[in-house]
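# Structure at a glance
The chain contents come next:
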Amino acid sequence: MQLDLNLLAALDALLEEGSVAGAAERLYVTAPAMSRSLGRIRRTTGDQILVRTGRTMTPTPYALAVREQVHDLLMQVQGVLAPSRELDLATLDRTFTLRWHDALVALSGPGLLTAVREQAPGVRLRFIAESSIDTPELRRGEVDLAANADRPTAPEIRSTEVAETRQVIVVRRGHPLTQVETVTAAQFAAAEHITVSRRGKLSNILDEELARLDLTRRVVATAPTERAALEFVRGSDLLVTAPESTARAAAEDLRLALLPLPFELPPARVYLSWHQRYDTDPAHIWLRDLARTALTSAM
């Protein structure tokens, strides 16, 4: 059997996108060309791969079973065929996509960009927002570097802890809690809270700690980003619990006060994550080192 590696790329795109049009757009080919590729894949595998269900297409059981294997094979092929060169930062022309927590972009992004531009003026950084659902962009190669509070569990995703900071109470200046000598757990619980959650969750580790003290709090709202939560806080008597390093960076501009929590919480940690395919990529190693430095120094 003569194998066409173009079919492997087409199959990977079809399985990831779930449609002929989406796969065609991803590989920069026409929809008829991708449709022909799907026909060849069907004849080669003896499986329909994608079947129409109403207005959408659904992968077959075989397609679901081989999806990850197909992607891994394609990454291996690309790694073998990609030329290996020494890193020349002066001529490096590359775009890196970074999915970082919004507060980390604001805190460390400018420093990272400055360092990148000084060393490799042809490199572009593409910061994209975090999703409200877990997404596999690192595995698919759509994101080069992630930075947030989550340590990945997938075995093919590498991660390293680069920083940590304590959690603090953030309120507006003049808030009633700023008038007391020491905030108690009861006073903290009695206040009205806003939480930061991409998924809109109303509870978190704070509620578990308060429950151990036989206390409960009232969460009146959630915000998808820390900056949005701070905007709510500065115009009301709401409070938010946030990492000190990121909150302090915005406190002066927004006229906010930071107060210590009345109980111990684990520190907020920051993890830098990437797919193992980039372990030995010189340009990626260079970017990881710069990102680690930018995050650590800002925290």
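Figured I'd write up the structure that's included with this text. (Residues numbered from 1 in each chain as written. Predicted model: local features only at pLDDT ≥ 70, side-chain atom pairs only at ≥ 80, totals over all residues. Heavy atoms only, no water.)

Along its length, the protein chain carries eleven helices and twelve strands. Projecting the C-alpha coordinates of the protein chain onto the three principal axes gives extents of approximately 80 × 50 × 30 Å. Carbon together with sulfur atoms contributes 51% to the accessible area of the protein chain, which is approximately 16,500 Å² in total. One finds the centroid of the 35 positive side-chain charges in the protein chain at a distance of 5 Å from the centroid of its 38 negative side-chain charges. (Helix = DSSP H or I, 4+ residues; strand = E, 2+ residues; numbered from the N terminus. Areas by Shrake-Rupley, 256 points an atom, 1.4 Å probe, with all protein chains shown as cover. Lys, Arg positive; Asp, Glu negative; His and termini not counted. Charge placed at Lys NZ, Arg CZ, Asp CG, Glu CD.)

Let's shift gears to the environment of Leu87. Along the chain, the position of Leu87 falls in the loop between α4 (61–81) and β3 (94–100). Among the residues examined, Leu87 registers a relative accessible area of 35% and is labelled partly exposed. Residues Leu87 and Asp281, spaced 194 residues apart in sequence, show a C-alpha to C-alpha distance of 9.2 Å. If sequence neighbours within four positions are ignored, Leu87 has contacts with Leu92, Pro282, Ala283 and Trp286. (Buried < 20%, exposed > 50% of the residue type's maximum accessible area, 1.4 Å probe, protein only. Contact = heavy atoms within 4.5 Å.)

Attention now goes to the sheet that holds strand β4 (residues 123–128). Ordered by their spatial adjacency, five strands build an open sheet running β4-β3-β5-β12-β6, and the pairing between neighbours is mixed. Each having just a single partner strand, β4 and β6 (157–165) make up the two edges of the open sheet. On average, each strand axis in the sheet is tilted by 20° relative to the strand beside it, whichever way the strands run. Direction of pairing for β3 relative to strand β5 (residues 145–148): parallel, over a ladder of three bridges. The residue of β5 that forms the bridge with Trp100 is Ala147. (Pairing = 2+ DSSP bridges. Axes fitted to C-alpha atoms, helices over the stretch in contact; angles between N-to-C directions.)

In this structure, Trp100, Leu112 and Trp286 are the most contacted members of the largest nonpolar core, which totals 26 residues. Those elements that provide at least two residues to this core are β3, α5 (102–119), β4, β5, β6, β12 (268–275) and α11 (282–298). The biggest single contributor to this core is α11, with seven residues. If you look at the next biggest cluster of nonpolar residues, it comprises 21 residues, including Ile41, Ile49, Leu50 and Met57. (Core = buried A, V, L, I, M, F, W, Y, C linked by side-chain atoms within 4.5 Å.)

Another aspect to go through is the environment of Thr195. Counting through the fold element by element, Thr195 comes out in strand β8 (residues 192–196). Residues Thr195 and Val240, 45 residues apart in the sequence, show an inter-C-alpha distance of 6.1 Å. Setting aside its immediate chain neighbours within four residues, Thr195 contacts Lys201, Leu202, Asn204, Arg217, Val219, Ala221, Thr222 and Ala223.

A word on the sheet that holds strand β10 (residues 240–243). Backbone hydrogen bonds hold the strands of a sheet together, and the pairing may be parallel or antiparallel. Ordered in space as β10-β7-β11, the three strands form an open sheet in which the pairing is antiparallel. In this open sheet, the two strands that pair with only one neighbour each are β10 and β11 (256–260). When the angles between neighbouring strand axes are averaged without regard to direction, this sheet yields 45°. Sheet topology places strand β7 (residues 167–172) next to β10; four bridges connect them, and they run antiparallel. Bridged to Ile169 within β10 is Thr241.

This brings us to the pattern of salt bridges. Counted by the stated rule, this structure contains 22 salt bridges. Taking the shortest distance from any N to any O, the salt bridge between Glu16 and Arg140 comes out at 3.4 Å. In this pair, Glu16 is assigned in helix α1 (residues 5–17) and Arg140 in helix α6 (residues 137–140), connecting sequence segments 124 residues apart. For the pair shown, Glu16 and Arg140 are each scored as buried. One network of salt bridges, with partners in common, ties together Glu16, Glu17, Arg26, Arg139, Arg140 and Glu142. (Salt bridge = Lys/Arg side-chain N within 4 Å of Asp/Glu carboxyl O.)

One can find Thr60 in the loop between β2 (56–59) and α4. Sequence-distant contacts of Thr60, defined by excluding residues within four places in its chain, comprise Asp47, Gln48, Ile49, Leu50 and Val51.

What follows concerns the packing of aromatic side chains. Scanning the model with the defined rule gives two aromatic pairs in all. Ring geometry for Trp100 and Phe127: centres 5.4 Å apart, planes at 80°, overall edge-to-face. You can see Trp100 sitting in strand β3 and its partner Phe127 sitting in strand β4, a full 27 residues away along the chain. Residue class for Trp100 comes out buried when judged on its relative accessible area of 1%. With relative accessibility at 29%, the residue Phe127 sits in the partly exposed group. (Phe/Tyr/Trp six-rings, centres within 6.5 Å; stacked < 30°, edge-to-face > 60°.)

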